[in-house]
Amino acid sequence: MTRGSIFKLLAYAVVAAAVTTAVAVFIPWLPTAATRQADRMWFSIWFAEIIAIVVFAVVAAVLVYCVVEFRAKPGDTSDGPPTHGHTLLEIVWTTIPTILVIAITVAAAIVIHDNGKAGTNPLVVKVVTQQFTYQFEYPNGKTYDILRLPKDRNVKLDLSSKDVIHSFWVPAFGEKSDAVPGIKTSIVVTPTRTGYYPVICTQLCGLGHALMRSEAIVMEQADYDAWYSSADNAAPAAAAGGDDGKSIYTTAGCGACHTFTAAGSAGKIGPSLDNLSADAAKAGQSLNDFISSSITNPDSYLAPGYAKGVMPSTYKTSISGTQLDSLVKYLAENTK
């Protein structure tokens, strides 16, 4: 190979690497990391990305060089000369990728190991999922529909599901895990940036999947302590055993699917709850009986235009009898 050919190969490699690097660097593929775990994840991604750019540059340079230098001349229909494999070259192009893949694997394994360490005194928050809502239960026994976390403290999120497979994902946290019925899963996060971050379900969990959203708020430790102290004295939510009908409506996720003016919800998946009296009359039931059966046995009566199996049938076990009575009373007193 001549010196001119080597310079051409290098030029092609530099151009390929420059274009690929520009695409990788100047397009914001990743959000700004908001946890220590995300910092490690982003490192592992960029480690693999740099290796991929180098490999691509070499392969692209060789490919372009061969196309340019060894293309057939116009009118040349003859066969090329017979060639035999180059043993040393084959060993090299097998060994180098093997080493690179092992390096990526080791780096990823270290990141996964370190990201799973919760330390000796983590804040443990139970994340309970169901169609189509999140509930966050804190050590004080209180449950909320928004996740609040202190900055610079290890937090262990224990995930569970009441019905189907859901997931918990905050893009800026760099961690994601499924919530599977009957199985306990968990992730560890250590927030490093205050702010508001979306919580997203990434498992197709039913018709209301697109609406299964919440929010994670990262606060300074002093602000979190003040909130947690005031939350200690707050009325418990439905999942913590409370009997306030509006709280039960909120924490049970009813607003994700139904419009109900009294609660300020505007869900469109299920029928509106603003005219329950008229719906009960059409079903030939008393108002309270109609509401109760619609919650515990939703397929017993279907409003025109709605199909069976859309509303979860798990509420007969996921909320207590007292909570059901409170919810029925709240709906009956605030509908037309």
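It should be emphasised that the depicted structure is a prediction, and the values quoted were computed from it without experimental measurement.

**Focus: the packing of aromatic side chains**
Using the criterion set out here, one finds 16 aromatic pairs in the structure. With 6.1 Å between their ring centres and 10° between their planes, Tyr 134 and Phe 136 make a pair best called stacked. When the ring of Phe 290 is compared with that of Tyr 301, the centres are 5.7 Å apart and the planes differ by 70°; the resulting orientation is edge-to-face. Of this pair, Phe 290 sits in helix H7 (residues 287-296) while Tyr 301 sits in the loop between H7 and helix H8 (315-318); the two residues are 11 residues apart in sequence, bridging distant segments of the chain. Joined through ring pairs, the aromatic side chains of Tyr 138, Tyr 144, Tyr 224, Trp 227 and Tyr 228 make up one cluster.

**A look at unusual backbone geometry**
Cis peptide bonds are those with omega within 30 degrees of zero, and the linkage from Gln 131 to Phe 132 qualifies with 0°. Looking at the secondary structure, you find Phe 132 in the loop between strand E1 (123-130) and strand E2 (133-137). You will see that Asp 152, though not glycine, has its phi angle at about 65°, which is positive. Note that Asp 152 resides in the loop between strand E4 (147-150) and strand E5 (155-161).

**What to know about helix H3 (residues 87-115)**
Taking 1.5 Å per residue as the helical rise, H3 with its 29 residues ought to reach 42 Å, and the 42 Å between its terminal C-alpha atoms agrees with that figure. Looking at H3, one finds that the buried residues are Ala 107, Val 111 and Asn 115. Buried positions along H3 lie against helix H2 (36-69), strand E7 (175-179) and strand E8 (185-189).

**Focus: the side chain of Gln 135**
Tracing the sequence through the fold places Gln 135 in strand E2. By relative accessible area, Gln 135 is classed as buried at 4%. Here Gln 130 takes part through its side chain, which lies 3.5 Å from a polar atom of the side chain of Gln 135.

**So, a nonpolar patch on the surface**
Together, Val 15, Val 19, Val 23, Ile 27 and Trp 29 line one region of the surface with nonpolar side chains, adding up to about 480 Å² of accessible area. Within the element layout of this structure, Val 19 appears in helix H1 (residues 3-26).

**Notes on the nonpolar core**
Ranked by size, the top nonpolar core spans 36 residues in total, and within it Tyr 138, Leu 147, Leu 157, Phe 168 and Phe 173 carry the most contacts. Dropping the residues within four chain positions of it, Leu 157 is found in contact with Val 125, Val 127, Leu 147, Phe 168, Thr 185, Ser 186, Ile 187 and Val 189.

**Overview of H7**
Within H7 the residues assigned to the buried category are Phe 290, Ile 291, Ser 293, Ser 294 and Ile 295. For H7, the secondary structure elements touched by its buried residues are helix H6 (276-283), H8 and helix H9 (321-333).

**Comments concerning the pairing of E5**
Where burial is concerned, most of E5 is hidden: five out of the seven residues are buried. Where E1 lies against E5, seven bridges are found, and the strand directions are parallel. Within E5, the position partnered with Val 127 by the bridge is Leu 159. The pairing of E5 with E8 spans five bridges and is classified as antiparallel. The partner of Lys 156 across the bridge, within E8, is Val 188.

**Details of the confidence of the model for the protein**
It should be kept in mind that the predicted coordinates are not to be read in detail where pLDDT is low. On average, residues of the protein score 86 in pLDDT, and 96% of them are at 70 or above. Low pLDDT, under 50, characterises residues 233-242; the stretch is placed with 21 contacts to residues that sit more than four places away or in other chains.

**Points about the environment of Ala 103**
Examined against the element boundaries, Ala 103 turns out to sit in helix H3. With 55 residues separating them in the primary sequence, Ala 103 and Ala 48 have C-alpha atoms 8.9 Å apart.

**Focus on the pattern of salt bridges**
For the structure shown, the criterion picks out four salt bridges. Among the salt bridges present, the one from Lys 8 reaches Glu 69, with a minimum N-O distance of 2.9 Å. Pair noted here: Lys 8 is in helix H1 and Glu 69 is in helix H2, with a separation of 61 residues, a long-range link. In this structure Glu 69 comes out as partly exposed when scored by relative accessible area, which is 27%. A salt bridge links Lys 117 to Asp 114; the shortest N-O distance between them is 3.8 Å. Classification of Lys 117 as partly exposed rests on a relative accessible area of 49%. Under the relative-accessibility criterion, Asp 114 is labelled partly exposed at 25%.

**Observations regarding the sheet that holds E1**
Within a sheet, each strand pairs with its neighbour through backbone hydrogen bonds, oriented either parallel or antiparallel. Across the sheet, five strands lie side by side as E3-E2-E1-E5-E8; this open sheet has mixed pairing. Every interior strand has two partners, whereas the edge strands, strand E3 (143-144) and E8, have only one. Relative to E2, E1 runs antiparallel, the two being bridged by five bridges. Bridge pairing in E2 links Val 127 to Phe 136.

**Some thoughts on the environment of Glu 175**
Take Glu 175: it is sitting in strand E7. Taking relative accessible area as the criterion, Glu 175 reaches 13% and is therefore assigned buried. For the pair Glu 175 and Thr 261, spaced 86 residues apart in sequence, the C-alpha separation works out to 36 Å. Not counting chain neighbours up to four residues away, the residues in contact with Glu 175 comprise Gln 37, Met 41, Asn 115, Phe 168, Trp 169, Val 170, Ile 187, Val 188 and Val 189.

Thresholds applied
Residues numbered from 1 in each chain as written. Predicted model: local features only at pLDDT ≥ 70, side-chain atom pairs only at ≥ 80, totals over all residues. Heavy atoms only, no water. Phe/Tyr/Trp six-rings, centres within 6.5 Å; stacked < 30°, edge-to-face > 60°. Helix = DSSP H or I, 4+ residues; strand = E, 2+ residues; numbered from the N terminus. Expected span 1.5 Å × (residues − 1). Buried < 20%, exposed > 50% of the residue type's maximum accessible area, 1.4 Å probe, protein only. Contact = heavy atoms within 4.5 Å. Polar contact = N/O pair within 3.5 Å; in protein donor to acceptor, adjacent residues only side chain to side chain. Patch = residues over 30% accessible without salt bridge, like charges linked within 9 Å, V, L, I, M, F, W, Y side chains within 5 Å. Areas by Shrake-Rupley, 256 points an atom, 1.4 Å probe, with all protein chains shown as cover. Salt bridge = Lys/Arg side-chain N within 4 Å of Asp/Glu carboxyl O. Core = buried A, V, L, I, M, F, W, Y, C linked by side-chain atoms within 4.5 Å. Pairing = 2+ DSSP bridges. pLDDT = per-residue confidence, 0-100.

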